[in-house]
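A structural walkthrough
Here's the letter readout for the chains.
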Amino acid sequence: NAGVTQTPKFRILKIGQSMTLQCTQDMNHNYMYWYRQDPGMGLKLIYYSVGAGITDKGEVPNGYNVSRSTTEDFPLRLELAAPSQTSVYFCASSYSGKGQFFGPGTRLTVL
Amino acid sequence: DQQVKQNSPSLSVQEGRISILNCDYTNSMFDYFLWYKKYPAEGPTFLISISSIKDKNEDGRFTVFLNKSAKHLSLHIVPSQPGDSAVYFCAADMYSGGGADGLTFGKGTHLIIQP
């Protein structure tokens, strides 16, 4: 099992550009999450999903969108990139919410 | 307002000694607590957890203690090893770890094990 995979690993965007961060898990987990981690800070929840077709906002959803068309995939969309979105983005999944499995992260810089 | 606090940004411990990492929380609705370990350029990995119905959980060299009245938990690592050098995040959840709506994380403590 690959676990949770994220692409790309790194990306530099210009202000106003858009992009999609990809996340895939092969553990058949119902729950999936997107977090961001700013320097010196803990992880903050952006969006989460309890199953295909169901998504909900977390603590910091502004500027982002998500979709969950399959159990495996949970892409995160940035429509109009801003410098405040410079961060490391982690996708995670879990079976029951106990002990979430995290991907390796995507480091995004917006200039 | 931070609901999960790790007040020590870093901690240095000699190899073979005990490492104690602390975490405080403010939300009394939290009833499930987890510790994650993170190496640079990797995602966090689950280490150990504890439910609020317990006051101690042990897994090998790692023990987590929970003091509900003080809203405080701690992670003990005995003996500390060089591979334990990493950032440790404390996280909290409601609804007994049903966790559908994600975890609340502290800022992390950077543990450095010195030879």
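The rules behind these values
Residues numbered from 1 in each chain as written. Chains lettered and ligands numbered in written order. Predicted model: local features only at pLDDT ≥ 70, side-chain atom pairs only at ≥ 80, totals over all residues. Heavy atoms only, no water. Helix = DSSP H or I, 4+ residues; strand = E, 2+ residues; numbered from the N terminus. Rg over C-alpha atoms; globule rule 2.2 N^0.38 Å. Buried < 20%, exposed > 50% of the residue type's maximum accessible area, 1.4 Å probe, protein only. Contact = heavy atoms within 4.5 Å. Areas by Shrake-Rupley, 256 points an atom, 1.4 Å probe, with all protein chains shown as cover. Lys, Arg positive; Asp, Glu negative; His and termini not counted. Charge placed at Lys NZ, Arg CZ, Asp CG, Glu CD. Patch = residues over 30% accessible without salt bridge, like charges linked within 9 Å, V, L, I, M, F, W, Y side chains within 5 Å. Salt bridge = Lys/Arg side-chain N within 4 Å of Asp/Glu carboxyl O. pLDDT = per-residue confidence, 0-100. Buried area = accessible area lost by both parts, 1.4 Å probe. Polar contact = N/O pair within 3.5 Å; in protein donor to acceptor, adjacent residues only side chain to side chain. Pairing = 2+ DSSP bridges. Axes fitted to C-alpha atoms, helices over the stretch in contact; angles between N-to-C directions.

Side note on the overall build of chain B
Looking only at helices and strands, chain B has zero helices and eleven strands in total. By the compact-globule yardstick of 13 Å for 115 residues, chain B fits well, its C-alpha radius of gyration being 13 Å. Within chain B, the fraction of its 115 residues that count as buried is 46%. When contacts within chain B are restricted to residue pairs at least 6 apart in sequence, long-range pairs at least 24 apart make up 56% of them. Within the structure as shown, chain B displays about 5,500 Å² of accessible surface, and the carbon and sulfur contribution to it stands at 50%. Across chain B, the mean location of the 10 positive side-chain charges is 4 Å away from that of the 11 negative side-chain charges.

Re a nonpolar patch on the surface
Among the surface-exposed residues, Ile18(B), Ile20(B) and Val78(B) lie close enough to one another that they form a single nonpolar patch of about 230 Å² accessible area. Among the residues examined, Ile18(B) registers a relative accessible area of 42% and is labelled partly exposed.

Overview of the environment of Phe90(A)
Structurally, the position occupied by Phe90(A) is in strand β9 (residues 87–94). Overall, Phe90(A) belongs to the buried group, its relative accessible area being 1%.

With respect to the confidence of the model for chain A
Chain-level statistics for chain A give a pLDDT mean of 94 and a share of 98% at 70 or above. The element-level mean pLDDT for chain A is lowest in strand β5 (residues 43–51) of chain A, coming to 93, with strand β3 (residues 19–25) of chain A highest at 98.

Some details on the interface of chain A and chain B
Between chain A and chain B, the residue contacts involve 20 residues of the former and 22 residues of the latter. Note on chain A versus chain B: buried area summed over both sides is about 1,500 Å², and carbon and sulfur give 61% of it. Inspection of the chain A/chain B interface yields zero salt bridges. Linking chain A to chain B there are two residue pairs in polar contact (both at pLDDT 80 or more).

Quick look at the sheet that holds strand β8 (residues 72–77) of chain B
All names here are of chain B. Ordered in space as β1-β3-β8-β7-β6, the five strands form an open sheet in which the pairing is antiparallel. Either end of the sheet is taken by a strand with one partner, and the two such strands are β1 (4–5) and β6 (56–59). For β6 and strand β7 (residues 62–67), the ladder comprises four bridges, and the chain directions are antiparallel. When the bridges of β7 are listed, glutamate 58 appears paired with threonine 63.

Focus: the pattern of salt bridges
Residue and element names in this part refer to chain B. With the rule as written, the count across this model stands at four salt bridges over all chains. Salt-bridge contacts for lysine 56 lead to glutamate 58; the nearest nitrogen and oxygen are separated by 4.0 Å. By relative accessible area, which is 51% here, glutamate 58 ends up exposed. Two residues, aspartate 84 and arginine 61, come together in a salt bridge whose shortest N-O distance is 2.8 Å. Here aspartate 84 is found in the loop between β8 and β9 (86–93), whereas its partner arginine 61 is found in the loop between β6 and β7, with 23 residues between them in sequence. The class for aspartate 84 is buried, based on a relative accessible area of 2%. Assessed through its relative accessible area of 22%, arginine 61 is described here as partly exposed.

Brief notes about the sheet that holds strand β7 (residues 64–66) of chain A
All names here are of chain A. Read across the open sheet, the four strands follow the order β1-β3-β8-β7; overall the sheet is antiparallel. The open sheet has two edge strands, β1 (4–7) and β7, and neither has a second partner. The average undirected angle you get between the axes of adjacent strands in this sheet is 20 degrees. The pairing of β1 with β3 spans four bridges and is classified as antiparallel. Across the sheet, the residue bridging to threonine 5 is threonine 24, located in β3.

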